[in-house]
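Structure at a glance
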Amino acid sequence: MAESAGLSEFERELYSRQLKLIGEEGQLKLKKARVLVAGLGGLGSAVSIYLAAMGVGNLYILDREVVEVSNLQRQVLYSIDDLGKPKPLAAAEKLKKLNPNTNVQPIYAEVSESLLSSIDVDVYVDAFDNWPARFVLDKVAWSKRKPLVHGGVRGFYGQVTVVLPGVTPCLRALFPITGETREESPLQVFPTTPGIIGLIEALETAKIILGMGNLLVNKLLVYNGLQPSFEVIEFKPDPKMFERCQ
Amino acid sequence: MRITGEGERVVENVSSVRELLARVGLVGEEVVVLRNGVILTEDDELSDGDEVLVYVVKSGG
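Calculation rules
- Residues numbered from 1 in each chain as written.
- Chains lettered and ligands numbered in written order.
- Predicted model: local features only at pLDDT ≥ 70, side-chain atom pairs only at ≥ 80, totals over all residues.
- Heavy atoms only, no water.
- Helix = DSSP H or I, 4+ residues; strand = E, 2+ residues; numbered from the N terminus.
- Rg over C-alpha atoms; globule rule 2.2 N^0.38 Å.
- Buried < 20%, exposed > 50% of the residue type's maximum accessible area, 1.4 Å probe, protein only.
- Contact = heavy atoms within 4.5 Å.
- Areas by Shrake-Rupley, 256 points an atom, 1.4 Å probe, with all protein chains shown as cover.
- Lys, Arg positive; Asp, Glu negative; His and termini not counted.
- Charge placed at Lys NZ, Arg CZ, Asp CG, Glu CD.
- pLDDT = per-residue confidence, 0-100.
- Pairing = 2+ DSSP bridges.
- Axes fitted to C-alpha atoms, helices over the stretch in contact; angles between N-to-C directions.
- Disulfide = S-S within 2.5 Å.
- Expected span 1.5 Å × (residues − 1).
- Phe/Tyr/Trp six-rings, centres within 6.5 Å; stacked < 30°, edge-to-face > 60°.
- Lys NZ or Arg CZ within 6 Å of the ring centre and 35° of its normal.
- Buried area = accessible area lost by both parts, 1.4 Å probe.
- Salt bridge = Lys/Arg side-chain N within 4 Å of Asp/Glu carboxyl O.
- Polar contact = N/O pair within 3.5 Å; in protein donor to acceptor, adjacent residues only side chain to side chain.

**Quick notes on the overall build of chain A**
Secondary structure assignment for chain A yields eight helices and eight strands. Taken over the C-alpha trace, chain A has a radius of gyration of 18 Å; the compact-globule value for 246 residues is 18 Å, and the two agree within 12%. Considered along the principal axes of its C-alpha atoms, chain A spans approximately 60 × 45 × 40 Å. Scored against the burial criterion, the 246 residues of chain A give a buried share of 52%. Within chain A, contacts between residues at least 6 apart in sequence are counted, and of these 63% link residues at least 24 apart. Looking at chain A as shown, the accessible area adds up to about 11,500 Å², and 55% of this sits on carbon and sulfur atoms. The averaged location of the 28 negative side-chain charges in chain A is 3 Å from the averaged location of its 27 positive side-chain charges.

**Thoughts on the confidence of the model for chain B**
Residue and element names in this part refer to chain B. With 90% of its residues at a pLDDT of 70 or more, chain B shows a mean pLDDT of 86. Mean pLDDT per element in chain B: strand S1 (residues 2-3) is the minimum at 64, and helix H1 (residues 17-23) is the maximum at 92. Per the prediction output, this complex has pTM 0.94; the corresponding ipTM is 0.87.

**A closer look at the sheet that holds strand S4 (residues 123-126) of chain A**
Residues and elements named next belong to chain A. Pairing is mixed across the open sheet formed by eight strands, whose spatial order is S3-S2-S1-S4-S5-S6-S7-S8. Two strands bound the open sheet, and with one partner strand each, they are strand S3 (103-108) and strand S8 (229-234). Within the sheet, the average angular offset between the axes of one strand and its neighbour, ignoring direction, is 15 degrees. Across the sheet, helix H4 (residues 87-98) lies against strand S2 (58-63) and S3, angled at about 170 degrees from S3, the strand it touches most. Against the sheet, helix H6 (residues 131-143) contacts strand S1 (34-38), S4, strand S5 (148-154) and strand S6 (157-163), and its axis sits at roughly 170 degrees relative to S5.

**So, the state of the cysteines**
Disulfides are covalent bonds that link the sulfur atoms of two cysteine residues. All names here are of chain A. Applying the stated criterion across every chain yields a total of one disulfide over all chains. The disulfide partner of Cys170 is Cys245, and the gap between their sulfur atoms is 2.3 Å. Between Cys170 and Cys245 the disulfide shows an S-S torsion of about -95 degrees. By sign, it is left-handed. Of this pair, Cys170 sits in the loop between S6 and helix H7 (171-174) while Cys245 sits in the segment after S8, and the two are 75 residues apart along the sequence.

**Some words on the side chain of A:Asn58**
For A:Asn58, the position within the fold is in strand S2. Once residues within four sequence positions are removed from consideration, A:Asn58 is found in contact with A:Lys31, A:Lys32, A:Ala33, A:Arg34, A:Val35 and A:Asn103.

**Some points on helix H8 (residues 192-210) of chain A**
Residues and elements named next belong to chain A. When the terminal C-alpha atoms of H8 are compared, their 27 Å separation across 19 residues agrees well with the 27 Å that a helix rising 1.5 Å per residue should span. Extensive coverage of H8 is indicated by the burial of 14 of its 19 residues. Looking one or two residues past H8, Gly211 carries a phi angle of roughly 70 degrees, positive in sign.

**Considering the packing of aromatic side chains**
All names here are of chain A. For the structure on display, the rule yields five aromatic pairs over all chains. Judged by centre distance (5.0 Å) and plane angle (35 degrees), the rings of Tyr223 and Phe230 are tilted. Tyr223 gets classed as buried once you look at its relative accessible area, which sits at 9%. Residue Phe230 is classed as exposed on the basis of its relative accessible area, which comes to 51%. The rings of Trp131, Phe135 and Phe175 are connected pair by pair, giving a single aromatic cluster. One Lys or Arg, Arg134, reaches over the ring of Trp131 and ends 5.0 Å from the middle of that ring. A cation over a ring is seen here: Arg145 above Trp142, with NZ or CZ 5.5 Å from the ring centre.

**Some details on the interface of chain A and chain B**
At the interface, 40 residues of chain A touch 28 residues of chain B. Taken together, the two surfaces of chain A and chain B that pack against each other cover about 2,400 Å², and 57% of this comes from carbon and sulfur. Its largest share of buried area at the contact with chain B, chain A owes to A:Arg154, A:Ile177 and A:Lys236, together 26% of the area lost on that side. Between B:Asp44 and A:Lys240 there is a salt bridge whose closest N-O contact spans 3.3 Å. Counting every contact that joins chain A to chain B gives 12 residue pairs in polar contact (both at pLDDT 80 or more). When contributions to the side of chain A that touches chain B are tallied by element, the ones reaching two or more residues are helix H3 (42-54), H6, S5, S6, H7, strand S7 (219-224) and S8 of chain A. For the side of chain A that touches chain B, the element with the most residues is S5(A), which contributes four residues.

**Some thoughts on the environment of B:Gly37**
Residue position: B:Gly37 is located in the loop between strand S2 (31-35) and strand S3 (38-40). The spacing of B:Gly37 and B:Val27 is 10 residues in sequence and 22 Å in space, taken between C-alpha atoms. Residues contacting B:Gly37, with those up to four places away along its chain left out, are A:Glu234, A:Phe235 and A:Lys236.

Structure, rendered in structure tokens:
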């Protein structure tokens, strides 16, 4: 079999279990893609592992924290040996071993508009754990007219939606009631929850890159791990919602 | 009114989303409130007979 231009023999073997699903053209789309994973906790661990594994060629991974003991319960990128290390650096090491073909750019910094604006990507993945950071990411993604895949978790519950400029309102308009900033006890989250939600985020990201399937646009996928159930809530964007996105 | 995952309940005599959230103890929570698929803000008014869906958004990562 002739070797395809653009995929090495190693890559053809590495992705052999998905090449018939997405074709070599699809694999090359993943290889060219640039994705920012914002947040490297429970969600970000799951998202980035699978994006690297499937062959996303350029991963920018952002977090401001170091690895702590309590992280190991659900942040599957890290191990005991990583305690005290900046998460982006520890994560990059793992991801590069998982897939040496993925260019991983670790960013150990606080999120800011200027930082995010300096990076050009095709898809933004929200794996943050707080609304202020999420809305900074939302603002930048919106201004660059790029898709944003949002995920959030707590306990046994979570949600995913895709913000697509031109099709959906921004995240700030989708979640206009976000409560007050308040001190609260450490987040309680069962480890499988960010795993499941993170993988759905990875899948939506892949679908955006590949141009396959239907996206969670103007839809909120709601997960209840105890029932268990997935429910898709559809919403109709009202023109006034877009005013919140300016 | 339906709160996802927690069944349905009837709430009477509320004229706004803000009042509704206060009545059901969701003030200060992150929520999405929909009426006929349209996302509402706290300032939006409600009328008798409105069917509203409330989803408590999860913010962790």
